[in-house]
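# Tertiary structure, described
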Amino acid sequence: MELPIYTVDAFTTHPFEGNPAAVCIIKHDQDVDPSIMQSIAKEMNLSETAFVQLLNPSVESVDKFFGLRWFTPTIEVNLCGHATLASAAVLFHHYAHLCDHLVKFKTLSGILTAKNEHGQITLDLPLADCTSQVPKTADSVIQKVLLEFNSSIQSSHVKAYYSPMTKKLLIRLPDECSRSQLESFPVPEASNLLKTHDGTDIKGVIVTVLGGGADKDKKPYDFVSRYFAPWVGIPEDPVTGSAHTVLGKYWSEVLSTPHLYARQCSSRGGNLLLTVDEKSGRLFVAGKACIVLTGKFILP
């Protein structure tokens with residue numbers, strides 16, 4: 001069996017930036033076992049590998065859905081924004097006869113859509129609430145992150161929130177902390193974070209700061225962030241759509257605006273345009289993607 005596979009840099013227009021994801025295409029009449037999907041994701045060794053099950057071309061595509069699953073090198077996850085963006089980019093560029101300008105995905109997080117409009121792709125993702133009621137393990141995680149940062153910031157000076165839906169811990173650093181400081185912090189040693197707890201309550205840590213300067217066109221950022229998830233096999237994720245389902249909800253309430261411009265400032269980095277729709281409980285994430293590699297995965 002041969003499966004077409006692509007590497008896509010999401011949330012960027014340039015190779016070697018943004019967040020790379022592998023996208024593996026499965027024909028409508030092919031059956032690939034989840035254990036094989038996990039092995040392919042491990043082989044690709046990117047933060048996420050997406051598996052897209054194509055529609056039957058002989059069936060009317062209106063109100064039909066593409067199947068979509070996401071795997072890290074170690075585990076299947078319920079939601080991945082950047083790999084969804086990457087999957088949509090592949091479909092729009094290489095399988096346009098099946099989808100036109102709109103793609104609907106059936107996933108573990110429900111029905112997700114992606115629109116190709118105005119030169120970019122807009123994802124429709126579930127909005128994730130967060131609360132100041134954090135798990136008991138949060139204190140040790142916060143202290144370890146700050147220690148790993150080699151930072152003088154005390155845990156008593158940060159604000160912590162928790163998203164039960166995504167199991168993400170959000171740490172807001174003091175406003176005096178700059179984007180350059182956040183970028184300069186070393187990636188926490190994965191083994192040290194893993195010692196704090198078993199990943200049952202917290203599967204990822206978002207660290208965020210208000211503001212953060214401006215992009216190359218001098219458009220100011222509303223907030224910047226980084227994301228660490230060693231509990232699912234990702235020491236640091238370059239640009240994380242799912243983390244922004246939490247960040248979008250939080251910063252929209254803090255700044256009293258549904259429209260946000262964000263930068264995830266990993267070493268690769270990427271920009272995200274966010275629109276929060278409180279009534280529908282959805283987050284619209286807009287970004288671009290660059291397909292950098294095409295090939296075939298050959299299975300016995």
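The rules behind the values
- Residues numbered from 1 in each chain as written.
- Predicted model: local features only at pLDDT ≥ 70, side-chain atom pairs only at ≥ 80, totals over all residues.
- Heavy atoms only, no water.
- Buried < 20%, exposed > 50% of the residue type's maximum accessible area, 1.4 Å probe, protein only.
- Helix = DSSP H or I, 4+ residues; strand = E, 2+ residues; numbered from the N terminus.
- Arc of directions from axis to C-beta.
- Contact = heavy atoms within 4.5 Å.
- Phe/Tyr/Trp six-rings, centres within 6.5 Å; stacked < 30°, edge-to-face > 60°.
- Patch = residues over 30% accessible without salt bridge, like charges linked within 9 Å, V, L, I, M, F, W, Y side chains within 5 Å.
- Areas by Shrake-Rupley, 256 points an atom, 1.4 Å probe, with all protein chains shown as cover.
- Salt bridge = Lys/Arg side-chain N within 4 Å of Asp/Glu carboxyl O.
- Core = buried A, V, L, I, M, F, W, Y, C linked by side-chain atoms within 4.5 Å.
- Expected span 1.5 Å × (residues − 1).
- Pairing = 2+ DSSP bridges.
- Right-handed = clockwise from strand over helix to strand, strands pointing away.
- Disulfide = S-S within 2.5 Å.

### Quick notes on helix 3 (residues 138-148)
All of the buried residues in helix 3 are Ala138, Val141, Ile142, Val145, Leu146 and Glu148. The buried residues of helix 3 occupy an angular sector of 165 degrees when projected down its axis, which confines them to one face. Across from the buried face of helix 3, at angles greater than 90 degrees, the exposed residues are Asp139 and Leu147. Next to the buried residues of helix 3 lie strand 9 (159-163), strand 10 (168-172), helix 5 (190-194) and strand 11 (204-210).

### Some words on the packing of aromatic side chains
One pass over the full model with this rule turns up 8 aromatic pairs. When the centroid spacing of 6.3 Å and the interplanar angle of 55 degrees are considered together, the rings of phenylalanine 66 and phenylalanine 105 count as tilted. With phenylalanine 66 in strand 4 (residues 66-71) and phenylalanine 105 in strand 6 (residues 102-107), the pair connects residues that are 39 residues apart, well separated along the chain. Ring centres of phenylalanine 223 and tryptophan 251 lie 5.7 Å apart, and the angle between their planes is 15 degrees; this geometry places the pair in the stacked category. Taken together, the residues phenylalanine 223 in strand 12 (residues 223-229) and tryptophan 251 in helix 6 (residues 241-255) connect sequence positions 28 residues apart. Phenylalanine 223 sits in the buried class, given a relative accessible area of 0%. For tryptophan 251, a relative accessible area of 0% gives the class buried.

### Structural notes on the environment of histidine 82
If you trace the backbone, histidine 82 turns up in helix 2 (residues 81-94). You can call histidine 82 buried: its relative accessible area is 0%. Sequence separation of histidine 82 and leucine 255 is 173 residues, and the distance between their C-alpha atoms is 25 Å. For histidine 82, the contacting residues outside a window of four places in its chain are Ala10, Phe11, Asn19, Pro20, Ala21, Ser47, Glu48, Asp237, Val239 and Gly241.

### Details of a nonpolar patch on the surface
The grouping of Leu210, Val254 and Leu255 at the surface amounts to a nonpolar patch, some 190 Å² of accessible area in total. Within the fold, valine 254 resides in helix 6.

### Concerning the nonpolar core
With 58 residues, the main nonpolar core has Phe66, Trp70 and Leu91 as its most contacted residues. Looking at this core, the element that brings in the most residues is helix 2, giving 8 residues. Counting residues in each nonpolar core, the second largest holds 26 residues, with Tyr162, Cys177, Val224 and Tyr261 among its members.

### Some details on the pattern of salt bridges
Close approach of charged atoms allows side chains with opposite charge to pair. All told, the structure shown has 10 salt bridges when counted by the stated rule. Between lysine 249 and glutamate 253 there is a salt bridge, and its shortest N-O distance comes to 3.2 Å. One end of the pair, lysine 249, and the other, glutamate 253, are both in helix 6, 4 residues apart, so they sit about a helical turn from each other. Given the relative accessible area of 10%, lysine 249 is considered buried.

### Examining helix 2
With 14 residues, helix 2 should reach 20 Å at 1.5 Å per residue; the first-to-last C-alpha distance of 20 Å fits that figure. Extensive coverage of helix 2 is indicated by the burial of 12 of its 14 residues. Where helix 2 is concerned, the buried positions are Gly81, His82, Ala83, Thr84, Leu85, Ala86, Ser87, Ala88, Ala89, Val90, Leu91 and Phe92.

### What about unusual backbone geometry?
The backbone of phenylalanine 16 shows a phi angle near 75 degrees, a positive value even though the residue is not glycine. If you trace the backbone, phenylalanine 16 turns up in the loop between strand 1 (2-10) and strand 2 (19-26). Given a relative accessible area of 71%, phenylalanine 16 falls into the exposed group. The phi torsion at asparagine 45 lies on the positive side, around 60 degrees, for a residue other than glycine. Residue position: asparagine 45 is located in the loop between helix 1 (34-44) and strand 3 (48-53).

### Here's the deal with the pairing of strand 2
Along any regular strand the residues' side chains alternate between the sheet's two faces. Across the 8 residues of strand 2, 8 count as buried, placing the element largely inside the fold. Because side chains alternate across strand 2, one face comprises the buried residues Asn19, Ala21, Val23 and Ile25, and the other comprises Pro20, Ala22, Cys24 and Ile26, equally buried. As defined by bridge partners, strand 1 adjoins strand 2 across 6 bridges and the pair is classed as antiparallel. The residue of strand 2 that forms the bridge with tyrosine 6 is valine 23. As judged from the 6 bridges shared by strand 2 and strand 3, these two strands associate in the parallel manner. Paired with cysteine 24 across the strands is phenylalanine 51, a residue of strand 3. Once you follow strand 2 into helix 1 and on to strand 3, the crossover reads as right-handed.

### Looking at the state of the cysteines
A full pass over the atoms with the stated rule returns 0 disulfides. Looking at cysteine 80, it has no disulfide partner, and the nearest cysteine sulfur is the one in cysteine 24, 15 Å off. A disulfide-free cysteine, cysteine 290 has its sulfur positioned 18 Å from the sulfur of cysteine 80, the nearest such atom.

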